[in-house]
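Single-letter residue listing:
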Number of protein chains: 2
Amino acid sequence: MVTARARAADGIDEARLWQRHMAMARLGARGDGGVNRQALSDEDIAARRTLIGWAEARGFACAVDPIGNLFVRRAGREPDQPPVLTGSHLDSQPTGGKFDGAYGVLAGFEVLEALEDLGVATRRSIEAVAWTNEEGSRFQPGAMGSAAFVGRMALGAVLDTVDRAGVRLGDALEATLAATPTLARRPLGFPVASYVEAHIEQGPRLEAEGKLIGAVTGIQGSRWFAVEVKGEEAHAGTTPLRGRKDALKAAMSMIGALESLMADASDVVRFTVGRFDVSPNSPNTVPGRVFFSVDFRHPDPAVLARLGDRVAPVCREHARGCAVTVTPTFDAPPIQFERAIVDAVSGAAARLGLSCMDIFSGAFHDAKFVAEVAPTGMIFVPCARGISHNPAESAEPAHLAAGARVLAEVLVELADR
Amino acid sequence: MVTARARAADGIDEARLWQRHMAMARLGARGDGGVNRQALSDEDIAARRTLIGWAEARGFACAVDPIGNLFVRRAGREPDQPPVLTGSHLDSQPTGGKFDGAYGVLAGFEVLEALEDLGVATRRSIEAVAWTNEEGSRFQPGAMGSAAFVGRMALGAVLDTVDRAGVRLGDALEATLAATPTLARRPLGFPVASYVEAHIEQGPRLEAEGKLIGAVTGIQGSRWFAVEVKGEEAHAGTTPLRGRKDALKAAMSMIGALESLMADASDVVRFTVGRFDVSPNSPNTVPGRVFFSVDFRHPDPAVLARLGDRVAPVCREHARGCAVTVTPTFDAPPIQFERAIVDAVSGAAARLGLSCMDIFSGAFHDAKFVAEVAPTGMIFVPCARGISHNPAESAEPAHLAAGARVLAEVLVELADR
């Protein structure tokens with residue numbers, strides 16, 4: 001006897017799922033194969049309309065909440081029970097790819113279609129959601145839709161945020177909602193039975209291990225710092241090195257010492273200096289000021305505390321006569337996903353004969369916030385060489401389908417609980 | 001019996017010289033006490049007109065050559081003999097001070113006035129010159145007027161150079177020349193008997209040694225390099241450090257190794273990384289590309305060759321998996337000024353009872369080019385803490401006057417030869 005779960009996975013249509021990705025990637029397509037579809041932009045509105053069109057063609061109900069989170073619902077046998085949610089986001093980085101975010105929404109929608117095609121009824125409703133503004137590249141902070149949904153962020157607190165062109169978030173949101181005026185409205189934060197988000201890994205580990213499925217056990221913690229180094233501008237030809245206060249060389253010493261601090265034979269520590277600004281940035285003037293960022297991540301809160309607390313002292317110890325200010329800009333503890341959901345993912349992969357490994361997420365996701373209000377998990381699939389936030393982002397149709405099959409299994413299991 | 005030389009130095013008027021500096025500093029004055037008077041700008045034109053006004057009030061003839069070098073002439077008894085030249089430049093850095101360049105022009109003009117006041121006749125004519133565009137901050141390269149004067153640079157080769165606003169140098173030059181239409185015109189590169197340039201030191205050595213006058217023996221050599229490091233952009237949260245090609249960390253390793261290479265207990269080596277550009281310069285993306293500049297200077301050609309030739313190999317040895325391209329962008333050998341002029345400066349300082357030391361110039365000056373066609377020397381005076389190319393640039397009225405007194409002595413000696 002074939003169970004409902006196995007039937008659900010069998011309904012996943014690899015070609016249809018791939019075509020939906022390609023269709024979505026045309027909205028905000030860049031000339032280099034990438035996608036620029038920033039939150040609440042015309043391209044984002046087009047992506048929302050496209051998803052709504054597909055949903056209505058299948059008879060799924062659509063609804064939107066005050067921050068623009070878009071829900072596509074396949075009703076269960078007990079429609080008053082809290083639904084099982086799946087999804088991710090449709091917005092992208094300005095130099096984004098075709099899969100980050102879009103995959104989670106389209107895989108969720110593919111599961112709804114598969115269940116519809118097969119006539120599988122579930123106890124709870126299943127809803128595919130596109131959370132608003134996960135990337136945070138146009139309006140900060142990111143993961144805004146999921147944070148507002150779970151009550152971590154007040155909607156009123158961000159309406160006056162402006163983008164680089166001076167557009168107010170409140171106005172962009174109003175325009176986005178006005179573009180789909182007939183959509184049902186929902187309040188923020190209705191009860192959710194559980195949440196499962198599918199996503200490309202955005203890292204190279206599945207590929208390196210030759211696995212198709214990552215059962216995501218949690219999201220590592222992050223501590224970010226802004227370091228400002230103030231030295232003294234001087235003439236490069238005349239000023240003896242001994243008397244200089246060279247902000248750039250001081251910053252280099254700090255970063256070198258931080259590299260030593262963060263050295264980790266197990267290669268679990270993530271330590272990145274991504275931003276580095278020099279003033280006056282002229283070849284023949286000794287730099288008087290440097291600003292640099294520190295992005296430090298680790299799954300273990302004890303390591304986050306021990307190494308993160310050393311960042312400011314290490315910078316001060318290597319200031320080479322310059323003044324240094326270290327400001328913490330972000331501090332997010334690691335989170336662990338619900339074990340039952342991780343096991344459901346591993347179990348589904350095993351039943352489907354798909355290779356699977358436990359994996360910790362290095363990146364943030366909307367799941368980080370939803371985990372605060374409901375049992376939550378994630379499913380990763382490989383992306384080529386781990387490259388993401390990059391127009392070169394790439395994933396295989398068969399891998400995307402494999403993840404969607406696992407997702408179908410897990411969602412039906414959770415919806416029938 | 002008082003000699004003509006001593007009389008000339010006695011005619012230097014410290015207050016007048018200071019007031020001329022303050023008047024000139026109002027043309028392009030910045031709010032922070034500095035000066036922004038870029039080459040061939042409205043402010044430069046105003047400075048030229050001011051100098052011409054002062055000159056005509058004293059009956060000195062003014063002339064301009066095709067690149068805008070402005071000459072103020074006090075005729076000698078044998079006006080057909082090649083003149084003795086003195087001067088510097090009136091243009092400044094965008095974040096410049098009141099003394100760099102202006103001092104050499106105003107000290108030269110002060111000598112002409114002192115001689116006129118005292119009725120001292122010289123055999124050769126003496127001319128104070130303001131060379132066009134020494135700084136090179138608006139139009140590259142710098143020292144353009146003196147380079148064109150000595151035939152090192154063809155005027156036609158730079159006319160199409162544009163500034164950041166897209167203004168063509170040829171058009172800015174034409175506007176500058178048109179602003180003083182009645183001025184006599186001269187060809188480039190007439191014969192010059194000798195050249196002496198007064199300048200603030202732009203370094204801290206006179207101040208540190210407690211000396212008033214630097215008898216400049218030469219200008220150190222320079223080798224500049226542009227280093228481009230290409231790594232691979234990656235997600236800061238997900239990408240293991242072991243697999244990264246982090247262009248910033250590679251650049252830091254290169255600069256650290258170059259610091260070791262350039263280590264010099266005698267503190268004569270000048271090694272500066274002034275420009276450092278990171279792409280994409282985002283806190284949570286591993287840098288994919290870094291560009292940085294190397295400015296290396298030394299008085300000894302053997303050291304310039306030995307260390308300079310190591311820059312590219314050292315960068316390649318520390319590339320940490322990134323691709324690196326090292327391009328030489330400037331290579332100027334050290335120059336030695338004519339010993340007779342250096343001795344004339346030391347001798348004049350000694351006769352005037354002013355403390356004096358031999359000093360090598362760390363910075364370029366127009367004297368570097370004029371030295372190619374005439375016996376040349378320079379006189380340095382202290383500037384506070386060696387700070388220059390900075391609105392905080394500062395010099396003492398008494399020090400400026402002391403330098404002008406030495407200059408008066410030397411010019412009269414050379415003009416009577």
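Structure shown above.
The rules behind each value
Within each chain, residues carry numbers counting from 1 in the order of the written sequence. Numbering of ligands from 1 and lettering of chains from A proceed in the order in which they are written. Where local features are concerned, this predicted model is filtered to residues with pLDDT of at least 70; where side-chain atom pairs are given and counted, the filter is 80 or more; whole-chain, interface and lining totals use all residues. Where helices and strands are cited, they refer to DSSP runs of H or I of at least four residues and of E of at least two residues respectively, numbered from the N terminus. With C-alpha atoms as the basis for the radius of gyration, the globule rule is written as 2.2 Å multiplied by the number of residues raised to the power 0.38. Exposure classes come from backbone-placed C-beta atoms, where a residue is buried if 20 or more other C-beta atoms lie within 10 Å of its own, exposed if 12 or fewer do, and partly exposed in between. In this description, a residue-residue contact is defined by the distance between C-beta atoms placed from the backbone, which must lie within 7 Å. Any residue that is not Ala, Val, Leu, Ile, Met, Phe, Trp, Tyr, Cys, Pro, Asp, Glu, Lys or Arg is counted as polar, Gly included; the first ten are nonpolar and the last four charged. Least squares is used to superpose the copies, and the fit set is the C-alpha atoms of residues whose pLDDT is at least 70 in both copies.

### Concerning the overall build of chain A
Tallying secondary structure elements over chain A gives 13 helices and 17 strands in all. In terms of C-alpha radius of gyration, chain A reaches 23 Å, essentially the compact-globule figure of 22 Å for 417 residues. In terms of principal-axis extent, the alpha carbons of chain A reach across some 85 × 45 × 40 Å. Burial analysis of chain A (417 residues in total) assigns 57% to the buried set. Considering only contacts within chain A whose residues lie at least 6 apart along the sequence, 79% involve residues at least 24 apart.

### Comments concerning the environment of threonine 176 of chain B
All names here are of chain B. The topology assignment puts threonine 176 in helix H6 (residues 169–178). Each C-alpha atom of the pair threonine 176 and alanine 46 lies 9.6 Å from the other, and the pair is 130 residues apart in sequence. The residues contacting threonine 176, other than those within four sequence positions of it, are Leu40, Asp44, Ile45 and Gly68.

### Here's the deal with the interface of chain A and chain B
The interface of chain A with chain B comprises 49 residues on the first partner and 49 residues on the second. Per element, the largest residue contribution to the side of chain A that touches chain B is six residues, and it comes from helix H8 (residues 247–262) of chain A. Within the side of chain A that touches chain B, the residues separate by chemical class into 19 nonpolar, 20 polar and ten charged.

### Details of the environment of glutamate 409 of chain A
You can see glutamate 409 of chain A is positioned in helix H13 (residues 397–415). Spatially, the C-alpha atom of glutamate 409 of chain A lies 55 Å from that of alanine 319 of chain A, the residues being 90 residues apart in sequence.

### Focus: the relation of the copies chain A and chain B
Superposition of chain A onto chain B requires a rotation of 180° combined with a translation of 0.3 Å along the rotation axis, giving an RMSD of 0.3 Å. Seen this way, the second copy is the image of the first under a two-fold rotation axis. Nearest to the rotation axis, the C-alpha of methionine 252 of chain A is located 3.0 Å from it, this being the minimum over chain A. A share of 98% of the interface residues of chain A reappears at the interface of chain B, consistent with the copies meeting face to face through the same patch.

That's the geometry; what it means functionally is another story.
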